[in-house]
Number of protein chains: 2
Amino acid sequence: MSIHYPSGQKPLAVHERPQSRSVALRSSYAQRGMSLEAEINASNQYYLANHIAVIHKKPTPVQLVKVDYPKRSAAVIREAYFKQPSTTDYNGIYKGWYIDFDAKETRNKASFPLKNFHEHQIRHMRECVDQGGICFALIRFVELDQMYVFPATSLFEYWQRQLHGGRKSIPLTAIIQDGYPVQYGLNPRLHYLTAVDQLIAAKKH
Amino acid sequence: MSIHYPSGQKPLAVHERPQSRSVALRSSYAQRGMSLEAEINASNQYYLANHIAVIHKKPTPVQLVKVDYPKRSAAVIREAYFKQPSTTDYNGIYKGWYIDFDAKETRNKASFPLKNFHEHQIRHMRECVDQGGICFALIRFVELDQMYVFPATSLFEYWQRQLHGGRKSIPLTAIIQDGYPVQYGLNPRLHYLTAVDQLIAAKKH
């Protein structure tokens, strides 16, 4: 995943290695020319501007080692390293609900590999669910041009099974069954909160 | 405010200029040897470990300019700058409530200067309040050894008055009247969620 930069700034892919960037993307999602993160950020900007929700991506944490303070100009970070976040990437508020999620994508066509999740993300989502939050994974199947809001509670089940020798991926059929499809549009680009509405409605019943 | 580092890492004060660090701190808060941010982080760790709340400080956003990818070792950030955040510093979930706040301190004894807040922080808190979130400023009077949870809705009033020629600070008397005092303890160091309980109770009435 690349970091989102404000317009006018030169983007710099820091988490993507050249080999992954050089893969020719064939899906229509990819053809639209935006990364998953850029599309989520654009959607969140739309939701914010229209007072629908306040959801932001958390900045990538960095470990500072050396910072210069030139006279009369801004501090310059001269040595720093990326740190592993202790939470998910996105959180905020929507209709009074605390929203917390991570976005993931795969080129697989039949299942979503659990190795895309980290223990600390699962742990964080568990804590948030226990506090009454709406937690999920926004999962994109790049080759299938499909995206789903997959509830954290279902994710926990597959995560637990994997820890006890179960399969290392979530079948697409399970994601379709437990999840909510996300429609693609112009504004917002991803209508993911419409899928979240369904998740909230299901939670209430 | 300094950035929180995991134990074992060398702390590096990046937002504090030498002149501000060399000021001899006399209050008992200061004598306890932790920065306000460190105390909030320690309290949040306590709340998390005891399944009371999930509240984190957002990482300071940085604008990456140059990143090296040495072979077989971690990426090194070689040039980057601090960016102004578009939100407040802390958010999370507590008993189902979305929590959002910023922490500020002053050496003043009779009022809190509004210049400590930025327009984008006020705007962000307004959006969150409109969505039903619990938003506030955690305000410390260093010299008085007092701390308050001051509701964002009260803050908005003083902010608006200032924009229309009103006073540029919030009197301590107003903070005492509209706010909720935060008790200092060993674990958590700041019982700020107890004050938030009162804010939530007042909101319900």
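Remember, predicted model here, so these are calculated numbers, not experimental data.

## Some details on the relation of the copies chain B and chain A
Note on the copies: chain B fits chain A at an RMSD of 0.0 Å, the axial shift is 0.0 Å, and the rotation between them is 180 degrees. Taken together, the rotation and translation describe the operation of a two-fold axis.

## Looking at the packing of aromatic side chains
What the rule picks out here adds up to 17 aromatic pairs over all chains. Ring centres 6.0 Å apart and planes at 65 degrees place the aromatic pair Tyr46(A) and Tyr47(A) in the edge-to-face group. For Tyr46(A), a relative accessible area of 24% gives the class partly exposed. A relative accessible area of 4% places Tyr47(A) in the buried class. Centre to centre, the rings of Phe112(B) and Phe141(B) are 6.4 Å apart; their planes meet at 80 degrees, and the pair counts as edge-to-face. Linking Phe112(B) in strand β6 (residues 111–113) with Phe141(B) in strand β7 (residues 134–141), this pair joins segments that are 29 residues apart in sequence. You'll find Phe112(B) and Phe141(B) in the same group, each marked buried. Here the aromatic cluster, defined as three or more aromatic residues joined through ring pairs, consists of Tyr46(A), Tyr47(A), Tyr90(A), Phe101(A), Phe136(A) and Tyr192(A).

## Considerations on the interface of chain B and chain A
At the interface, 51 residues of chain B touch 51 residues of chain A. Together, the buried faces of chain B and chain A total about 4,200 Å²; carbon and sulfur atoms form 59% of this surface. On the surface where chain B and chain A come into contact, there are 0 salt bridges. Here chain B and chain A share 13 residue pairs in polar contact (both at pLDDT 80 or more) between them. At 7 residues, the largest contribution of residues to the side of chain B that touches chain A is made by strand β3 (residues 76–82) of chain B.

## Details of the sheet that holds strand β4 (residues 90–94) of chain A
Residue and element names in this part refer to chain A. Read across the open sheet, the 6 strands follow the order β1-β4-β5-β7-β8-β10; overall the sheet is mixed. If you trace the sheet from one side to the other, it starts and ends with β1 (54–57) and β10 (180–181), each paired once. In the sheet, β4 pairs with strand β5 (residues 97–106) via 5 bridges, with the strands oriented antiparallel. Following the sheet pairing, Ile93 is matched in β5 by Tyr98. Across the face of the sheet, helix α4 (residues 119–130) comes into contact with β5 and β7 (134–141) while running at roughly 155 degrees to β5.

## Side note on the sheet that holds strand β3 (residues 76–82) of chain A
With antiparallel pairing, the 4 strands of this open sheet are ordered in space as β2(A)-β3(A)-β3(B)-β2(B). The strands lining the two open edges of the sheet, one partner per strand, are β2 (62–68) of chain A together with β2 (62–68) of chain B. The average undirected angle you get between the axes of adjacent strands in this sheet is 30 degrees. Alignment of β3(A) against β3(B), held across 4 bridges, turns out to be antiparallel.

## Overview of the packing of helix α4 (residues 119–130) of chain B against helix α5 (residues 152–163) of chain B
All names here are of chain B. The interhelical angle for the contact between α4 and α5, taken along N-to-C directions, is 135 degrees, at an axis separation of 10 Å. When the axes of α4 and α5 are compared, the pair comes out oblique. As for how α4 packs across α5, the hand of that crossing is left-handed. On α5, the residues that touch Glu119, Ile122, Met125, Arg126 and Val129 of α4 are Ala152, Thr153, Leu155, Phe156, Trp159 and Gln160. A class-by-class count of the residues in the contact of α4 with α5 yields 7 nonpolar, 2 polar and 2 charged.

## Notes on unusual backbone geometry
Here the residue pair Asn187(A) and Pro188(A) is connected by a cis peptide bond, since its omega of 0 degrees sits within 30 degrees of zero. With respect to the element layout, Pro188(A) can be found in the loop between β10 and α7 (192–204). Phi at Asp145(A) takes a positive value of approximately 60 degrees, unusual for a residue other than glycine. Among the structural elements, Asp145(A) can be located in the loop between β7 and β8 (146–151). With a relative accessible area of 28%, Asp145(A) lands in the partly exposed category. The backbone of Lys95(B) shows a phi angle near 50 degrees, a positive value even though the residue is not glycine.

## A few points about helix α7 (residues 192–204) of chain B
All names here are of chain B. Taking 1.5 Å of rise per residue, the 13 residues of α7 would be expected to cover 18 Å, and the 19 Å separating its terminal C-alpha atoms lies within 8% of that figure. Turning to α7, its buried residues are Tyr192, Leu193, Ala195, Val196, Leu199 and Ile200. End-on view of α7: buried residues confined to an arc of 150 degrees, all on one side of the axis.

## With respect to the UniProt feature "binding site: Mg(2+)" (unreviewed entry) in chain A
The positions that UniProt labels "binding site: Mg(2+)" (unreviewed entry) are, in the present scheme, Thr87(A), Asp89(A), Asp102(A) and Gln121(A). The named residues occupy 35 residues along the chain; their greatest pairwise C-alpha distance, 9.1 Å, places them in one compact cluster. For Thr87(A), the location among the structural elements is in the loop between β3 and β4. Take Thr87(A): its relative accessible area is 6%, and that puts it in the buried class. Among all residues touching Thr87(A), those that are not within four sequence positions of it are Lys58(A), His120(A), Gln121(A), His124(A) and His56(B). Tracing the sequence through the fold places Asp89(A) in the loop between β3 and β4.

What counts and what doesn't
Sequence order as written defines residue numbering, which begins from 1 separately in each chain. Just so you know, chain letters begin at A and ligand numbers begin at 1, following the order they were written in. Side-chain atom pairs in this predicted model are given and counted only at pLDDT of 80 or more, local residue features only at pLDDT of at least 70, and totals for whole chains, interfaces and linings cover all residues. To obtain the side-chain values, all non-hydrogen atoms of the structure were included, while hydrogens and water were left out. Copies overlap after least-squares fitting; the atoms used are the C-alpha atoms of residues with pLDDT of at least 70 in both. Centres within 6.5 Å are what make two rings of Phe, Tyr or Trp a pair, Trp counting through its six-membered ring; a difference in plane orientation under 30 degrees is then read as stacked, over 60 as edge-to-face, and the rest as tilted. Exposure categories follow from relative accessible area, calculated using a 1.4 Å probe and restricted to protein chains: below 20% of the type maximum is buried, above 50% is exposed, and the middle band is partly exposed. The way it works is that DSSP assigns letters per residue, a run of H or I at least four long becomes a helix, a run of E at least two long becomes a strand, and they are numbered from the N terminus. The contact criterion used is simple: two residues touch if any of their non-hydrogen atoms lie within 4.5 Å. Defined in terms of a 1.4 Å probe, buried area is the accessible area two parts forfeit on being brought together, summed over both. Counted as salt bridges are all cases of a side-chain nitrogen of Lys or Arg within 4 Å of a carboxyl oxygen of Asp or Glu. We call two N or O atoms a polar contact when they sit within 3.5 Å, provided that within protein one can donate a hydrogen and the other can accept it, with sequence-adjacent residues counted only if both atoms are side-chain atoms. Paired strands are those between which DSSP finds at least two bridges. Every axis in this analysis is a line fitted to C-alpha atoms, fitted for helices over the stretch in contact. Angles between the N-to-C directions lie between 0 and 180 degrees. Roughly parallel refers to an angle under 35 degrees, roughly antiparallel to one over 145, roughly perpendicular to one between 65 and 115, and oblique to any angle outside these ranges. A clockwise turn of the near helix away from the far one marks a right-handed crossing, whereas an anticlockwise turn of less than a right angle marks a left-handed crossing. Polar here means any residue outside two lists: the nonpolar Ala, Val, Leu, Ile, Met, Phe, Trp, Tyr, Cys and Pro, and the charged Asp, Glu, Lys and Arg; Gly therefore counts as polar. The span expected for a helix works out to 1.5 Å for each residue beyond the first. By definition, the arc is the one covered by directions from the helix axis to the C-beta atoms. UniProt positions are given in the numbering used here, feature names are shortened, and annotations may be inferred rather than shown by experiment.

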